[in-house]
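Structure assessment
One letter stands for each residue in the lines below.
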Amino acid sequence: MMPMREQEWIICPVCGSKTRDRMREDTVLENFPLFCPKCKQEQLINVKQLQISVIKEPDAKTQ
């Protein structure tokens, strides 16, 4: 029987509420578009070993 792995809900980096996605300790995500149903924001995130980092995209420059 496999041991139970730790799981956590992915928390929205904008409003702090739970999203509809979960991650396990062996989850690896790169450039994942995380959508929050509460604040209706979408953020690009990376996940590795239950650590979430938000990807900051540079703003488009007007010419």
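For the structure, check the block above.
A short tour of the structure in this document, coming up. Along each chain, residues carry numbers from 1 onward, in the same order as the chain's sequence is written. In keeping with the model being predicted, local features are shown solely for residues with a pLDDT of at least 70 and side-chain atom pairs are shown and tallied solely at 80 or more, while totals for entire chains, interfaces and linings include all residues. For the side-chain quantities, the full set of heavy atoms in the structure was used; hydrogens and water were omitted.

A few points about the overall build of the protein chain
Short version of the rule: Secondary structure elements follow DSSP: runs of H or I no shorter than four residues count as helices, runs of E no shorter than two count as strands, and numbering proceeds from the N terminus. Between buried and exposed lies partly exposed: a residue is buried under 20% and exposed over 50% of the maximum accessible area for its type, with that area taken using a 1.4 Å probe on protein chains only. What makes two residues a contact is simply this: any of their non-hydrogen atoms within 4.5 Å. To measure how exposed things are, a 1.4 Å probe is used in the Shrake-Rupley method; for residues, cover is taken only from the protein chains shown.
Looking only at helices and strands, the protein chain has 0 helices and 5 strands in total. Listed N to C, the secondary structure of the protein chain is β-β-β-β-β in terms of helices and strands. Taking all 63 residues of the protein chain together, 17% fall into the buried category. The long-range fraction of contacts in the protein chain, counting pairs at least 24 apart against all pairs at least 6 apart in sequence, stands at 21%. Carbon together with sulfur atoms contributes 48% to the accessible area of the protein chain, which is approximately 5400 Å² in total.

A few points about the pairing of strand E5 (residues 51-54)
For the record, the criterion: The pairing criterion for strands is at least two bridges between them, as found by DSSP.
Bridging between strand E4 (residues 42-48) and E5 involves 4 bridges; their strand directions are antiparallel. Paired with asparagine 46 across the strands is serine 53, a residue of E5. Hairpin connection between E4 and E5: a loop of 2 residues separates the two successive antiparallel strands, and glutamine 49 in this loop has a positive phi of roughly 55 degrees.

Observations concerning the sheet that holds strand E3 (residues 28-35)
The cut-off we apply is this: Structural elements are reduced to axes, namely lines fitted to C-alpha atoms, with helices fitted over the stretch in contact, and the angle between N-to-C directions of any two is expressed from 0 to 180 degrees.
Sheet architecture is open: 3 strands sit in the order E3-E4-E5, paired in antiparallel fashion. Whereas interior strands pair on both sides, the edge strands pair on one side only; in this sheet they are E3 and E5. In this sheet, neighbouring strand axes are inclined to one another by 30 degrees on average, regardless of whether the strands run parallel or antiparallel.

Looking at the pattern of salt bridges
Side-chain pairs of opposite charge can arise where the charged atoms are in close proximity. Here is the rule we go by: Salt bridge, as used here, is a side-chain nitrogen of Lys or Arg placed within 4 Å of a carboxyl oxygen of Asp or Glu.
In this structure the tally under the stated criterion is 1 salt bridge. When the shortest N-O distance is used, the salt bridge between arginine 24 and aspartate 26 registers 2.8 Å. Aspartate 26 gets classed as partly exposed once you look at its relative accessible area, which sits at 40%.

It is worth stressing that arrangement in space is one thing and function is another; only the former is reported here.
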